[in-house]
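Breakdown of the fold
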Amino acid sequence: MDAVTDNLDLFWSGYLRSLGICLWAMVGSLLLGTLIASFRVSPIPSLRWFGTAWVTVIRNVPLTVVLFFFAFGLPEIGINRSYYFFGVTALIFYTSAFVCEAVRSGINAVPAGQAEAARAIGLTFGQNLREIVLPQALRTSVPPLGSVIIAMFKNSAVVGAFGVGQDLFSVGRNLTSVQGYEALPVLTGVAFFYLCITIPAGALLALIERKVAIVR
Amino acid sequence: MSDAPTVLYDEPGPRARRRALIGTVIASLLLLGLLGLVVKRLADAGQFSMELWGPLIDPNNEVFDQVWELLFDGLQATLIAAVLAIACSLVVGTMLGIARMMSGRWGRIPIIGFIELFRGLPVVITIFFVWRVLPEIGIDLDGLPGGEGLWFLVIGLTLYNSVIIAEIVRAGVASLPRGQREAALAVGLTEGQTMRSVLLPQAFRTMLPALISQLVVVLKDTSLAAVLGLYIELLRRGNLIALNLDNPIQVLFVVGLIYIAMNYMLSRAAVWAERRLSRQGAAAVQNFEMGNAAA
């Protein structure tokens, strides 16, 4: 276990770095995904079409292809940023498609009678959405959204493996490949720190689910 | 307006239709503008030149045959890894699921621990772990057909996906009416016989869509080998080609299309299977699968 205890500061900074990737990507993908979801349910056909195309393309492509496209493709047309920026952006784009589907499934799960009743008592489209549909839809989307976000936390390791540097994965690779530590203790340490992200996230999700759950 | 969400609005009247029309025009212009911007950017950088696209789309190009032969090799490698991984995951996952359902309170703990462990770990970490640790503890896969890289990938993918499949199996069995099990036990079948000849066959029916969707996940995850560099599959092959020809955008575009085509067909197959087999139980499995697809 020396390999881990000797380098605990490295692991800790790697953990914080990985957590940073997760949090940026979470905020970004929730915003972008909700925007795309609003496209997909809008009354405007071209926006719906765009949303559908976005989801179809991104859901069927591996994250790695999106990542490579950002990191190797964009510099070809003169967009040069750090791997960190490309990595987080690729993760946001990829996750947004799944966030979109989770939000949309929530909106579709609201019984039609709710919106009809709201219209019948004279609420406008905006009021209807704000007061009646979205509060119910968001609660319904919490479980699938939570699973999507946890999956995204795990996908952040792919961004790390790709080489943004200083994150948990890079720490593990560095210690084993460059510094010659044994793989078993080092990678067990890496795995442990990742579990320190995903398992609390899962527990938090279960807690939130219990708080907002509605019985249909 | 067949796919429009009718929950949010009524059949539009003349005023709403006019507004929607204006909105459509504005949105279309914006989207076209965005598209134009992208195309202009690509054109400015000379990304539409035949020099870059030729090897991929022009049969008369001198390297066209060679490039596509390599891409097909990569595709084949991807499919081999995916099929092996899903087959192993099915076997291991079903056993895990059954073991979890049939063992007592204490026997269940290590199985649940195993499931939670590999469910919580990023699959890329699992693969990396297998790749680095197995040789260290003296397990040699060099002799296996296909090279050791393939098997490290398959084992890593199997560890993750078998756990998911175990959960799918459990959800499938749990979705069956309780009377099925009770009736089977009542006519004198043992627990094992009940599971094997009554519960599992029905559960697999409701699980089929979820299993096909899992195949999409596996197919996508094989490309993690390209990030780690342990096995040459479609994406890695594409990358090597792009390095040689210096056309990453074009090659990644084609590779992306191949992935989309395969996965889109599989997703359609899952939807089709779901419609064919649609029964109450499918909903429970699908609920679970929803978030998992993002993995």
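A short tour of the structure in this document, coming up. For every chain, the first residue of the written sequence is number 1, and numbering continues from 1 along that sequence. Just so you know, chain letters begin at A and ligand numbers begin at 1, following the order they were written in. In keeping with the model being predicted, local features are shown solely for residues with a pLDDT of at least 70 and side-chain atom pairs are shown and tallied solely at 80 or more, while totals for entire chains, interfaces and linings include all residues. Processing note: side-chain calculations cover all non-hydrogen atoms of the structure and skip hydrogens and water entirely.

Only DSSP runs of H or I reaching four residues or more are called helices, and only runs of E reaching two or more are called strands; each is numbered from the N terminus. Scanning chain B from N- to C-terminus turns up 12 helices and zero strands. Put simply, chain B runs from its N terminus to its C terminus through helices and strands in the order α-α-α-α-α-α-α-α-α-α-α-α. The globule rule is 2.2 Å times the number of residues to the power 0.38, and the radius of gyration it is compared with is taken over C-alpha atoms. A compact globule built from 295 residues would reach a C-alpha radius of gyration of about 19 Å, whereas chain B, at 25 Å, exceeds it by more than 25%. Expressed as lengths along the three principal axes of its C-alpha atoms, the size of chain B is roughly 75 × 70 × 30 Å. The proportion of buried residues among the 295 residues of chain B is 47%. At a minimum sequence separation of 6, the contacts of chain B that also span at least 24 residues come to 74%. Where accessible areas are quoted, they stem from the Shrake-Rupley method and a 1.4 Å probe; at the residue level, only the protein chains shown are allowed to cover. As presented, chain B carries roughly 15,000 Å² of accessible surface, and 63% of it is formed by carbon and sulfur atoms. Charged residues are defined here as Lys and Arg on the positive side and Asp and Glu on the negative side; His and the ends of the chain fall outside this count. A charged residue contributes its charge at one atom only: NZ of Lys, CZ of Arg, CG of Asp or CD of Glu. Here chain B contributes 23 positive and 23 negative side-chain charges, whose respective centroids are spaced 16 Å apart. Each residue gets one of three labels from its accessible area relative to the maximum for its type: buried under 20%, exposed over 50%, partly exposed in between, using a 1.4 Å probe on protein chains only. Residues count as neighbours in contact if any of their non-hydrogen atoms are within 4.5 Å of one another.

Contacts between the two partners involve 54 residues from chain B and, on the opposite side, 64 residues from chain A. Summed over both sides, the interface of chain B with chain A buries roughly 5,200 Å², with 72% coming from carbon and sulfur. Whenever Lys or Arg places a side-chain nitrogen within 4 Å of a carboxyl oxygen from Asp or Glu, that contact is recorded as a salt bridge. Between the two partners, chain B and chain A, sit zero salt bridges. Definition of a polar contact: a pair of N or O atoms within 3.5 Å, with one able to donate and the other able to accept a hydrogen when the atoms are protein atoms, and with sequence-neighbouring residues admitted only if both atoms are side-chain atoms. Scanning the region where chain B abuts chain A turns up 10 residue pairs in polar contact (both at pLDDT 80 or more). Those elements that provide at least two residues to the side of chain B that touches chain A are helix H1 (14–44), helix H4 (108–120), helix H5 (123–136), helix H9 (224–228), helix H10 (234–245), helix H11 (248–276) and helix H12 (280–292) of chain B. Element by element, the count of residues in the side of chain B that touches chain A is highest for H11(B), at nine residues. As a working definition, buried area equals the accessible area (1.4 Å probe) given up by two parts on being put together, with both sides summed.

This part is about the packing of H5(B) against helix H6 (residues 147–174) of chain B. Residue and element names in this part refer to chain B. Between the N-to-C directions of two axes lies an angle of 0 to 180 degrees, each axis being a line fitted to C-alpha atoms and, for a helix, fitted only over the stretch in contact. Relative orientation of the contacting elements H5 and H6 amounts to 130 degrees, with a least axis distance of 8 Å. With respect to H6, the element H5 is oriented oblique. The handedness of the crossing between H5 and H6 comes out as right-handed. Of the residues in H6, those touching H5 at Val123, Thr126, Ile127, Val130, Trp131, Leu134 and Pro135 are Phe152, Leu153, Ile155, Gly156, Leu157, Leu159 and Tyr160. Under the grouping applied here, Gly and all other residues not named as nonpolar or charged are polar, the nonpolar ones being Ala, Val, Leu, Ile, Met, Phe, Trp, Tyr, Cys and Pro and the charged ones Asp, Glu, Lys and Arg. When its residues are assigned to classes, the contact of H5 with H6 shows 12 nonpolar, two polar and no charged. In what follows, roughly perpendicular refers to angles from 65 to 115 degrees, roughly parallel to angles under 35, roughly antiparallel to angles over 145, and oblique to any angle outside these ranges. Each crossing is labelled by how the near helix is turned from the far one, with a counterclockwise turn of less than a right angle marking it left-handed and a clockwise turn marking it right-handed.

Cysteine sulfurs are considered disulfide-paired once they come within 2.5 Å of each other. The full count for this structure, using the stated rule, is zero disulfides over all chains. Unpaired in terms of disulfides, A:Cys22 finds its nearest cysteine sulfur in A:Cys196, a separation of 12 Å.

Okay, the nonpolar core next. By convention a nonpolar core is built from buried Ala, Val, Leu, Ile, Met, Phe, Trp, Tyr and Cys residues, the set being connected through side-chain atoms within 4.5 Å. Core analysis: the biggest nonpolar cluster contains 134 residues, and A:Phe11, B:Val124 and B:Leu228 have the highest contact counts within it. Among the elements that take part in this core, helix H7 (residues 125–162) of chain A stands out by supplying 14 residues, more than any other. If we skip the residues at most four places from it in the chain, B:Leu228 touches A:Ala161, A:Phe169, B:Val124, B:Ile127, B:Phe128 and B:Trp131. Within the second largest apolar cluster, nine residues are counted, among which are A:Ala191, B:Phe118, B:Leu121 and B:Val163.

These figures come from the coordinates and say nothing about function on their own.
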